[in-house]
Amino acid sequence: MVLCYNKGCGKEFDIQESTDDECVYHCGAPVFHDAYKSWSCCEKKTTDFTEFLNIKGCCKGKHNNIKPEEPAKTDKEATPAPETVKPPERMERPPVDEPMVPLPSTISASLRKLLNNLAVSDKSEETVTKSAICQRKGCGKAKVDVADEDDTCEHHPGSPIFHEGMKYWSCCNKKTTDFNDFLKQKGCTNGTHLWGDPSLKKEVQCRYDWHQTGESVNFTVYAKKVKPALCTVTCNAVKLQLEIHFGDDQVFTFDKVLAGIVKPENSKVTYSATKVEVSMKKAEFIAWPSTFVL
């Protein structure tokens, strides 16, 4: 006995005794469409696969003991080797002695309110020494060079802005592309000098920390009653310098070479009542080491 390979038959038969119309089978092909299952040679349809297999053949003929050839298996496409991801090419590290750029600053509402309540005033004449220097931005006159007590202080009350290659103060609209010309810009506001003697500074240590994202490095100094008018925050591509004035003539200084490269023109500083936050834009989209500075 051999097996019949006609579709829909599958019976065993004796080749010697088999007749020409003994096999009942489907001469068409199976059709699966819109959840229905049928044979192309007859009109019987069903949604159940078992019932489809049991649909009686619609054609008669001779049993077939020849097993149909299986379709040749195509060689599976070779899995392409994963692409080797090359690390980004590192930028050439700029020199440390590049010009330092003052960062644009923002004063939080909480600090503005605190400063207004404290009514911080200029130091009295008794505490001003000959070595004192005006602390207002854009002035920088030395007390020893000012003969007239009523000398006018020409300064910039605003913040430095660096945008699309242009450098200017937020308080006036004199723009330039040259950094030295920017530093030489005459103050746009007249007022009284705010004298400060470098020798009277009480240098102290403050707690600070840092964290990073994919795009920026954020450095935070914790200090209360910060005086933004006296503070200086500058950086170049690989160096950060801070001089934070706060409290009662207390000063925190920070002068370090950075572990990575930043974009000073896209960096900024924010002064608030309890801290100073410096946000520096990374020049390279890479993680900095845990040391932050070199």
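Details of the structure are given in the entry above.
What comes next concerns the included structure. (Residues numbered from 1 in each chain as written. Predicted model: local features only at pLDDT ≥ 70, side-chain atom pairs only at ≥ 80, totals over all residues. Heavy atoms only, no water.)

**Structural notes on the sheet that holds strand β9 (residues 105-107)**
Read from one edge to the other, the open sheet built from five strands follows the order β9-β22-β23-β18-β17, with strand pairing classed as mixed. Here the strands that pair on one side only, and so sit at the sheet edges, are β9 and β17 (208-212). With direction set aside, neighbouring strand axes in the sheet form an average angle of 15°. Sheet topology places β17 next to strand β18 (residues 216-222); five bridges connect them, and they run antiparallel. Bridging across to β18, Tyr-208 finds its partner in Val-221. (Pairing = 2+ DSSP bridges. Helix = DSSP H or I, 4+ residues; strand = E, 2+ residues; numbered from the N terminus. Axes fitted to C-alpha atoms, helices over the stretch in contact; angles between N-to-C directions.)

**What about the side chain of Glu-284?**
Residue placement: Glu-284 occurs in the segment after β23 (275-282). A relative accessible area of 9% places Glu-284 in the buried class. Of note is the side chain of Glu-284, whose polar atom sits 2.6 Å from the backbone nitrogen of Met-91. Setting aside its immediate chain neighbours within four residues, Glu-284 contacts Glu-89, Arg-90, Met-91 and Ile-261. (Buried < 20%, exposed > 50% of the residue type's maximum accessible area, 1.4 Å probe, protein only. Polar contact = N/O pair within 3.5 Å; in protein donor to acceptor, adjacent residues only side chain to side chain. Contact = heavy atoms within 4.5 Å.)

Keep in mind these numbers describe shape, not what the thing actually does.
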